[in-house]
Amino acid sequence: MTIPFKHAHSVPVLMYHHVSPAKDMITTSPENFERQIRGLAKNGYRALSTQEFADFLSGKPVAAKSILITFDDGYLDNWVYAHPILKKYNMRATMFIVTGVIGDGPARPVWGDKQALPEMIPHKRAKAMVEAGNADPVMVRWSEVHAMRQAGTFEFHSHTDTHTRWDRNCENRQDCLDRMSVELLRSREVLKNQIGSVSEHFCWPQGYFEDDYVKLAQDHGFRYLYTTIAHGQNVAGGDPAHIYRFAVRNRGFYWLCQRIFLASHPVIGPLYNRWKLWKRSKRA
Ligand SMILES: [Zn+2]
């Protein structure tokens, strides 16, 4: 007897930024993050590695209830809260890091340690600190990156070197592409030096890309390009240069479970996406 939906029709990609008690629009509280991860683990969801996800896109089947968990930017709270919670439930995730803002120094205490945790700074203030050149109190350090790799909680990929929207900070389109090219080269070099290799997985800063950006990233060896576009499905044979992701809200497991259902169902998923896009076009 064949079991329907034994293999995944599509793989939902979850997008987080912060897991922190410092409240903000794009922050999940440690309590809700634990509810979500515990719920996923207990209900038989499996978090894929980027390699398994890449293999799925090129046609290799994965089990139903496969997901990919991603984090953007590399904030310190990913180390302090997300890492120990992932470890506790034996789940894995992927972090897209901005290579130019990661510093040196010893690893800081994490949730569950008997030491005082570093102060958590809300998103807007953290962003302003990074822009002012004071990134260390809010971003992960290389020592922490190495510890997370060793623990198997996170793998690390490029999110450029400075997270700059060059299309808004350049003379003309060619200048914009040239500057973006420097970003890609630098982030590759730093990743190679720090972790010994650089992958084909890349995430756009602030979700911005155009066709010429896609070509540029591909020319630099990035094949799997992660967007912030939610309303589409990552299916076998799908375009690796256009990976859909949805933002996870500061809600419990039940919300996440529903959202994953809507993202992955072979019939309801596309209907839901079409309805969301229609609603958006009405608003516009
Ligand atoms: Zn980002």
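Scroll up for the structure.
Conventions used here
- Residues numbered from 1 in each chain as written.
- Predicted model: local features only at pLDDT ≥ 70, side-chain atom pairs only at ≥ 80, totals over all residues.
- Heavy atoms only, no water.
- Helix = DSSP H or I, 4+ residues; strand = E, 2+ residues; numbered from the N terminus.
- Rg over C-alpha atoms; globule rule 2.2 N^0.38 Å.
- Buried < 20%, exposed > 50% of the residue type's maximum accessible area, 1.4 Å probe, protein only.
- Contact = heavy atoms within 4.5 Å.
- Donors = N, O, S within 2.8 Å, 3.2 Å for Na, K, Ca; no water.
- Core = buried A, V, L, I, M, F, W, Y, C linked by side-chain atoms within 4.5 Å.
- Expected span 1.5 Å × (residues − 1).
- Polar contact = N/O pair within 3.5 Å; in protein donor to acceptor, adjacent residues only side chain to side chain.
- Axes fitted to C-alpha atoms, helices over the stretch in contact; angles between N-to-C directions.
- Left-handed = near helix turned anticlockwise from the far one by under 90°.
- Pairing = 2+ DSSP bridges.
- Parallel < 35°, antiparallel > 145°, perpendicular 65-115°, else oblique.
- Nonpolar A, V, L, I, M, F, W, Y, C, P; charged D, E, K, R; others polar.

Draft legend 1. Summary view of the overall build of the protein chain. Of regular secondary structure, the protein chain possesses 9 helices and 10 strands. In terms of C-alpha radius of gyration, the protein chain reaches 19 Å, essentially the compact-globule figure of 19 Å for 284 residues. Burial status across the protein chain gives 52% buried among its 284 residues. Here the analysis covers contacts within the protein chain between residues at least 6 apart in sequence; of these, 71% occur between residues at least 24 apart.

Draft legend 2. Broad picture of the coordination of the zinc ion. The protein atoms donating to the zinc ion are Asp73 (OD), His159 (NE2) and His163 (NE2), with metal-donor distances spanning 2.1 Å. Aspartate 73 sits in the buried class, given a relative accessible area of 9%.

Draft legend 3. Spotlight on the nonpolar core. The biggest cluster of nonpolar side chains holds 59 residues, and the ones touching the most others in it are Leu40, Ile69 and Phe71. Counting 15 residues, the second-largest nonpolar core is a separate cluster that includes Phe56, Leu57, Val62 and Ile243.

Draft legend 4. Looking closely at helix α6 (residues 173–195). Under the 1.5 Å per step criterion, the end-to-end length of α6 is 33 Å for 23 residues, consistent within 8% with the ideal 33 Å. Those residues of α6 that sit buried are Asp175, Cys176, Leu177, Met180, Ser181, Glu183, Leu184, Ser187, Arg188, Leu191 and Ile195. Taken together, the buried residues of α6 touch β6 (93–97), α5 (142–151), β7 (154–158), β8 (201–203) and α7 (211–219). In the stretch just after α6, glycine 196 is the one whose phi turns positive, near 85°.

Draft legend 5. Up close: the side chain of histidine 201. Relative to the assigned elements, histidine 201 resides in strand β8. Assessed through its relative accessible area of 5%, histidine 201 is described here as buried. Of note is the side chain of histidine 201, whose polar atom sits 2.8 Å from the side chain of tyrosine 226. When sequence neighbours within four positions are dropped, the list of residues in contact with histidine 201 reads Thr50, Ala54, Phe96, His157, Ser158, Phe222, Tyr224 and Tyr226.

Draft legend 6. Here's a closer look at the packing of α5 against α6. Closest axis-to-axis distance for the α5/α6 pair is 11 Å, and the angle between their directions is 65°. In terms of crossing hand, the pair formed by α5 and α6 is right-handed. Contacts between α5 and α6 involve Trp142, Val145, His146 and Arg149 from the former and Val190, Gln194 and Ile195 from the latter.

Draft legend 7. How the structure looks around the pairing of strand β1 (residues 13–16). Taking every second residue as pointing to the same face, both faces of β1 are buried, with Val13 and Met15 on one and Leu14 and Tyr16 on the other. As judged from the 2 bridges shared by β1 and strand β10 (residues 246–247), these two strands associate in the parallel manner. Within β10, the position partnered with methionine 15 by the bridge is alanine 247.

Draft legend 8. Representation of the environment of tryptophan 204 in the model. When you line up the elements, tryptophan 204 lands in the loop between β8 and α7. Spatially, the C-alpha atoms of tryptophan 204 and arginine 165 are 9.4 Å apart, while their sequence positions differ by 39 residues. Setting aside chain neighbours within four positions, we find tryptophan 204 in contact with His159, Met180, Phe209, Tyr213, Val214, Ala217, Leu225, Tyr226 and Thr227.

Draft legend 9. Layout of the packing of helix α1 (residues 30–42) against helix α8 (residues 253–264). One way to put it is that α1 packs onto α8 with a least axis distance of 8 Å and a crossing angle of 60°. Judged on the interaxial angle alone, α8 and α1 are oblique. For the pair α1 and α8, the sense of crossing is right-handed. Side by side, α1 and α8 meet where Arg35, Gln36, Gly39 and Leu40 of the first sit next to Phe253, Leu256 and Ile260 of the second. Across the contact of α1 with α8, the residue classes break down as 4 nonpolar, 2 polar and 1 charged.

Draft legend 10. Highlighting the environment of tyrosine 89. By the secondary structure assignment, tyrosine 89 is in the loop between α3 (76–88) and β6. Note: C-alpha distance between tyrosine 89 and glutamine 206 (117 residues apart in sequence) is 30 Å.

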